[in-house]
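In case you want the letters, here they are:
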Amino acid sequence: MFYIKQELPINEQIRAKEVQLIDEEGKKNGPISLKEALDIAYEKKLDLVLVAPNAQPPVCKIMNYGKYKFEQAKREKEARKKQKTLETKEIRITPNIEQHDFEFKAKNARKFIEDGNKVKITVKFRGRELNYVKLGEETLNKFIEDLSDISSPEKKPILEGKNMFIILAKKSEK
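Scope of this entry: the structure provided in the associated data block. (Residues numbered from 1 in each chain as written. Predicted model: local features only at pLDDT ≥ 70, side-chain atom pairs only at ≥ 80, totals over all residues. Heavy atoms only, no water.)

Right, let's talk about the overall build of the protein for a bit. The helix and strand tally for the protein stands at four helices and nine strands. Listing the helices and strands of the protein from first to last along the sequence gives β-β-α-β-β-α-β-α-β-α-β-β-β. The globule rule puts the C-alpha radius of gyration for 174 residues at 16 Å, and the 30 Å found for the protein is more than 25% above it. Seen through its principal axes, the protein has C-alpha atoms that stretch 85 × 30 × 25 Å. Within the protein, the fraction of its 174 residues that count as buried is 33%. Sequence separation of at least 24 residues holds for 57% of the intrachain contacts in the protein that already meet a minimum separation of 6. Of note, the protein has its 37 positive side-chain charges centred 2 Å away from the centre of its 29 negative side-chain charges. (Helix = DSSP H or I, 4+ residues; strand = E, 2+ residues; numbered from the N terminus. Rg over C-alpha atoms; globule rule 2.2 N^0.38 Å. Buried < 20%, exposed > 50% of the residue type's maximum accessible area, 1.4 Å probe, protein only. Contact = heavy atoms within 4.5 Å. Lys, Arg positive; Asp, Glu negative; His and termini not counted. Charge placed at Lys NZ, Arg CZ, Asp CG, Glu CD.)

Counting residues in each nonpolar core, the largest one holds 19 residues, and the members touching the most others are Val119, Ile121 and Phe143. If you list the elements that add at least two residues to this core, you get strand S5 (88-93), helix H3 (99-114), strand S6 (118-124), helix H4 (133-146) and strand S9 (163-170). With five residues, the single largest contributor to this core is H3. If we skip the residues at most four places from it in the chain, Phe143 touches Ile93, Phe102, Lys105, Ala106 and Ile121. Core analysis: the second largest hydrophobic core is formed by 13 residues, Leu34, Ala37, Leu38 and Ala41 among them. (Core = buried A, V, L, I, M, F, W, Y, C linked by side-chain atoms within 4.5 Å.)

From the geometry alone we can't say anything about function, so treat these as descriptive.
Structural data, given as structure tokens:
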């Protein structure tokens, strides 16, 4: 179920003596008393909705409030549907990766970037491999070079504990 962010005061909830009335066709009716506006709304079997409480006098509109809420919820749902969530995909490798494995991982990274995701490439160092950090950095630079046509690195390779990583994002088209 979807909810409107702000509930508008309707009918008896409105606390003003005089209101600027807009009828269901959008025509403005000069400042009239709240009681008259409510009578007009009830006559047409519609709701009186306070749309601009800070105006002088407050602005009320005659409408079917249930239908209005439904339409608003529908618009919000459509807006959420069109939003693209950005994910960060992770690819884990070792510093002494074989050529075929490298090509396979690079192909996957390319696919992720083309889909609009960011790719985090992590080099895991095990045991004595930590003495050869340069090897891991070279592997990451090879990834950067291989994917340079569609992506750019967000930062230089970073070493955190036993892992070194880099994040690649799609190049912005100007």
